[in-house]
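A structural walkthrough
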Amino acid sequence: RFMRLTPSFFTDLLKKATPLWFMNKNCHRILPTLIFCFLIFPGKSQVTDHTGSISGAIRTDSLLLNIKNPLKGAEIVAATNIGIWSFDRFVLQAEYARINFKTVRNNFKSGFVWDNDMFLTNLLLHPYHGGLYFNAARSNGKNFWQSVPFAAGGSLMWELFMENEAPSINDFMPTSLGGAALGEMTFRISDLLIDDRLTGFDRFKREALLTVISPVRGLNRIINGDAWKYRTIKGNSLPSTPAAFSISAGHRFIADRLYKRQDYSNMLSYDLGLIYGNEFDKENEKPYDFFVLKLGGNFFSAQPMVSRVNVLGMLFSNNISLKGQHQHLSYGIFQHFNYYESQSDANHVQLYPYKISETAAAGPGLLYKISVKNQFTFTGSAYLSAILLGGSQTDHYKYDERDYNMGSGFSTKLNLTLNIYNKLQIQFNTEDYRIYSWVGYGPDDSKDFSSNVHGDVGNTSLSVGRLGVSYLIRKNIFIISESSYNYRNSVYKYYPNVAHHVAEHKLSLGYLF
C-alpha cells in the first residue's frame, strides 16, 4: 500500500534516532556546522513558482523550481568543513585538527593511503557526511549527477586541508559515491514533508523533521526564508511520488558458531522499511525515481544500534512490453549501498558473526511482476553489482581502531515475493558478497609498519539466505517472522582459512503507513 508519509511517523522516528546522534565523534560535530552556516549566509529565497502566475490559485499542488546556485552550494560545502574543523580544533582539542601550511604541503606530498578508522566511521558515517555535501548542491538547484562532484570536492577539501593526517582513499570513495546514495535518498524523503501552505506548529513540525532527515536542506531553507514563508502551493521540488513505509519491533535471536565454540544473543530489535516510487512506472527517468531503504538495529544489547542499512536506487530503467496485461518486465542500472554489522558477547566472549559493506557499488538489474485477478501477486528481481570499495570481516588484521579488511569485488542479489489476497506475504531473498584484499602483511613481516594496507591478503565471501512470512492482522498492523542463515568464508594467503556460520530469527509486530 502506497501512502504519503505523515509527520507523526517522523516524530516517533526522531525519538528513536536521537541517541544515534551522539554515538560517534563524527556525528555530534554537525550542530556547529549548522550554526556556522547560518551566521555567514544572508537570507534570500532561491525558489520560483514552476507554474507561472499563481494569482487566484488556492491550495494547489504546484511545484517550485529551485534556482541553480552552484556558488552557494560550494560555500555551504566549505562552511560545513570549516564548522566541523573549528569544533574539532577548539572544542575537542583534537590533535589531527592542528593544521597549517606545512601539514597541507605534507598531505599533498604523501598522497592517499588506507587509514585505520573503525568500521562504523569509514563505511557508514563517512557516506552520511558525503550526503551533507551532496545536498548542499541538490538543495540549490543541481540534479543528481551535478551534485556528485560537490560530494567529491567536499571530501577532497577535508582530506587535503582540514587534517594533519595523510589523506585516505577509503574516506574519499565512500564519502563521494556512498554520499550520493544517502544524499539523494534523504533529499527525496525530505521533499515529501514540504508543505508551504501550512502555518503554526504543523508547519514547524514538518520543517524540524525535514532538517533532521536532511540537515543541509533544512539549513538552506532557513537561510532562504523558505522554512517559514507561506505560499498557496505546497512548494515541493519533486513531483508527487507514492511512498510506502513500515516499522516493526520485536525479538531477535542470533546463534553464532565459530570453530567448535558456539555463542548466542537475545535482544530487542527494530526494522524500518521504505519503498519510494514504482519500479515499473514508465515515467521513471531520473536517478532514484524508485528506491528501496531498509534500516535495522537493536536496543538494550551489546549489538550495534544500527546493524543494517540497505539502499537500492534505480539510476536508469527501461520497460519491456509483454503480451499479458498484468505482467511487467523491466531492466536497469542500480546503485547499491549495503552495511551489515553484528556481534555476540554471550559468556563475556566477544565474537563478530558477520561484518561486510559495499559503499561504492553499481550494476545491472532485472525485475518482473505478475498479478492474477488481484488475488495473487508475484514479484522477482535479480541484481549484479561491481563493488569499487567495500569492507569485510577479518580474523587477523588488528591495528588501531581497525579490525576489518578493505578492497573491491562483486555482489549478487535475488528477491522473490508472493502476496496472497493482500494479507499474507512470503519473501525469500539471497545476498552474496565477495571482497578481495590484495595489499597486506604476512606473519613474518615486521609489526612496526605503516599500516597502509587493505588488511589480510585474500578474499572474504558472505552468503545470506533469508525467509520471511508476514500477515496483515488488521488494516495497518502486521506480524512478521523472519529466519536467516549467514555463511562467511574467509580465504587467506598467509593464514588458515575460516568458515563461520550464523543463524538468526526475528519475530516482530509492525505497522504500515
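Below or above, wherever it landed, is the structure these notes cover. (Residues numbered from 1 in each chain as written. Predicted model: local features only at pLDDT ≥ 70, side-chain atom pairs only at ≥ 80, totals over all residues. Heavy atoms only, no water.)

1. Points about the overall build of the chain
Note the cut-off: What counts as a helix is a DSSP run of H or I of at least four residues, what counts as a strand is a run of E of at least two, and both are numbered from the N terminus. Burial here depends on accessible area, computed with a 1.4 Å probe over protein chains only, as a share of the maximum for the residue type. Under 20% is buried, over 50% is exposed, and the range in between is partly exposed. Residues count as neighbours in contact if any of their non-hydrogen atoms are within 4.5 Å of one another. Computed by Shrake-Rupley with a 1.4 Å probe, the accessible areas treat only the displayed protein chains as cover when residues are assessed.
Looking only at helices and strands, the chain has nine helices and 14 strands in total. Per-residue burial over the chain gives 54% buried out of 513 residues. Intrachain contacts of the chain at a sequence separation of at least 6 include 69% that bridge at least 24 residues. In the structure as shown, the chain presents an accessible area of about 23,300 Å², 61% of it carried by carbon and sulfur atoms.

2. Comments concerning the packing of aromatic side chains
Note the cut-off: Geometry of aromatic contacts follows a simple scheme: Phe, Tyr and Trp rings, the Trp one being its six-membered ring, pair when their centres are within 6.5 Å, and the pair is stacked under 30 degrees between planes, edge-to-face over 60, tilted otherwise. Counting as a charge over the ring demands two things of the Lys NZ or Arg CZ atom: a distance within 6 Å of the ring centre and an angle within 35 degrees of the ring normal.
All chains considered together, the criterion is met by 20 aromatic pairs. Ring centres of Phe144 and Trp145 lie 4.9 Å apart, and the angle between their planes is 85°; this geometry places the pair in the edge-to-face category. Through a chain of ring-to-ring contacts, three or more aromatic side chains come together here, namely Phe134, Phe144, Trp145, Tyr276, Tyr288 and Phe291. Directly above the aromatic system of Phe119 lies the positively charged group of Lys355, at a separation of 5.4 Å from the ring centroid.

3. Overview of the nonpolar core
As a reminder of what qualifies: Only buried residues count toward a nonpolar core. Its members are Ala, Val, Leu, Ile, Met, Phe, Trp, Tyr and Cys residues joined through side-chain atoms within 4.5 Å.
Ranked by size, the top nonpolar core spans 60 residues in total, and within it Phe291, Val311, Phe337 and Tyr339 carry the most contacts. Beyond its immediate chain neighbours, meaning those up to four positions away, Phe291 contacts Met185, Arg188, Ile189, Leu274, Ile275, Tyr276, Leu312 and Gly313. Membership of the second largest hydrophobic core comes to twelve residues, among which are Ile254, Ile435, Val464 and Val502.

4. Side note on helix H9 (residues 215-224)
In an α-helix, one turn spans 3.6 residues; hence positions three or four apart end up facing the same way. Within H9, nine of the ten residues are buried, which leaves the element mostly enclosed by the surrounding structure. Of all the residues in H9, the buried ones are Pro215, Val216, Arg217, Gly218, Leu219, Asn220, Arg221, Ile223 and Asn224. Just downstream of H9, Gly225 is the residue with a positive phi angle, here 85°.

5. Structural notes on the side chain of Asp456
Formally: As used throughout, the charge tally considers Lys and Arg to be positive and Asp and Glu to be negative, leaving His and the chain termini uncounted. What makes a salt bridge here is a side-chain nitrogen of Lys or Arg within 4 Å of a carboxyl oxygen of Asp or Glu, nothing more. Polar contacts here mean pairs of N or O atoms no more than 3.5 Å apart (in protein, one a potential hydrogen donor and the other a potential acceptor; neighbouring residues in sequence count only if both atoms are side-chain atoms).
Of note, Asp456 is situated in the loop between strand E11 (424-437) and strand E12 (458-472). Notably, Asp456 is buried but unbridged: the nearest opposite-charge side chain belongs to Lys398, and the N-O separation is 7.7 Å. A polar side-chain atom of Asp456 sits 2.9 Å from the main-chain amide nitrogen of Tyr397. Apart from the residues lying within four places of it in its own chain, the contact partners of Asp456 are Thr394, His396, Tyr397, Asn405, Ser437, Tyr492 and Tyr495.

6. Quick look at the environment of Val457
Relative to the helices and strands, Val457 resides in the loop between E11 and E12. Along the backbone, Val457 and Tyr441 are 16 residues apart, and their C-alpha atoms lie at a distance of 7.3 Å. Beyond its immediate stretch of four places on either side in the chain, Val457 contacts Ser437, Trp438, Val439, Gly440, Val491, Tyr492, Lys493 and Tyr494.

7. Side note on unusual backbone geometry
In this structure, Phe300 takes a positive phi of about 55° despite not being glycine. By secondary structure assignment, the location of Phe300 is in the loop between strand E5 (291-299) and strand E6 (308-320). Unusually for a residue other than glycine, Asp400 sits at a positive phi of about 55°. If you trace the backbone, Asp400 turns up in the loop between strand E9 (376-393) and strand E10 (404-420).

8. Focus on the pairing of E10
This is how it is decided: Any two strands are treated as partners once DSSP identifies two or more bridges connecting them.
Bridge count for E9 against E10 is 16 bridges, and the pairing is antiparallel. Counterpart to Gly380 in the pairing with E10 is Leu416. Direction of pairing for E10 relative to E11: antiparallel, over a ladder of 13 bridges. Residue pairing for E11: Asn419 is matched across the bridge by Gln425. A loop of three residues connects E10 with E11, the two strands running antiparallel in sequence, and Tyr421 in this loop sits at a positive phi of about 55°.

9. Some words on the environment of Leu177
On the secondary structure map, Leu177 appears in helix H7 (residues 169-191). Overall, the relative accessible area of 31% leaves Leu177 in the partly exposed class. As a C-alpha pair, Leu177 and Ala360 span 183 residues in sequence and 5.5 Å in three-dimensional space. Ignoring sequence-local partners within four residues, the contact set of Leu177 consists of Gln335, Thr359, Ala360 and Leu388.

10. A few points about a nonpolar patch on the surface
The following threshold applies: A patch consists of residues exposed above 30% relative accessible area that lack any salt bridge, with like charges linked at up to 9 Å and nonpolar side chains (Val, Leu, Ile, Met, Phe, Trp, Tyr) linked at up to 5 Å.
On the surface, a cluster of nonpolar side chains totalling about 720 Å² of accessible area is made up of Val372, Phe376, Phe378, Leu418, Tyr421, Ile426, Phe428, Leu467 and Val469. Sorting the residues of the nonpolar patch by element identifies E9, E11 and E12 as the ones contributing at least two each. Structurally, Ile426 can be placed in strand E11. Note on Ile426: relative accessible area 32%, which makes it partly exposed.

11. Let's talk about empty space enclosed by the protein
To find leftover empty space, a probe the size of one water molecule is rolled over the atoms. Threshold: Points on a 1 Å grid over protein atoms alone make up a cavity when a 1.4 Å probe fits among them but cannot get out, and a pocket when they form an open set with protein on both sides within 12 Å along at least five of seven lines; lining residues each have an atom within 4 Å of a point. Grid points are joined across faces, edges and corners, and a volume is the space filled by probe spheres set on the points. Residues are sorted three ways: Asp, Glu, Lys and Arg are charged, Ala, Val, Leu, Ile, Met, Phe, Trp, Tyr, Cys and Pro are nonpolar, and all the rest, Gly among them, are polar.
Scanning the model with the defined rule gives four cavities of 30 Å³ or more in all. Lining the largest cavity are 20 residues, and of these Arg252, Arg308, Tyr354, Glu504 and Lys506 sit closest to its centre. Among the elements of the structure, strand E4 (261-276), E5, strand E7 (327-341), strand E13 (477-492) and strand E14 (498-512) are those that each provide at least two residues to the lining of the largest cavity. Broken down by class, the residue content of the lining of the largest cavity amounts to three nonpolar, nine polar and eight charged.

12. Quick notes on the pattern of salt bridges
Within the structure shown, the criterion is met by 21 salt bridges. Here Asp202 makes a salt bridge to Lys205, at a shortest N to O gap of 3.7 Å. A residue pair is termed a helical-turn pair when its members lie 3 or 4 positions apart in one helix, as Asp202 and Lys205 do in helix H8 (residues 200-213) at three residues. The exposure class assigned to Asp202 is partly exposed, which follows from its relative accessible area of 43%. In this structure, a network of salt bridges that share partners links the residues Asp196, Arg203, Glu207, Arg221, Asp226 and Arg231.

13. Topic: the packing of H8 against H9
Convention followed: Only C-alpha atoms enter the line fits that serve as axes; for helices the fit covers just the stretch in contact. Angles between N-to-C directions range over 0 to 180 degrees. In this scheme, roughly parallel covers angles under 35 degrees and roughly antiparallel covers those over 145, while 65 to 115 is roughly perpendicular and the rest are oblique.
Across the interface, H8 lies against H9 with an axial gap of 5 Å and an inter-helix angle of 135°. Between H8 and H9, the interaxial angle falls into the category oblique. Across from Arg203, Glu207, Leu210, Thr211, Val212 and Ile213 in H8, the residues of H9 making contact are Pro215, Arg217, Gly218 and Arg221. Its residues assigned to classes, the contact of H8 with H9 shows four nonpolar, two polar and four charged.

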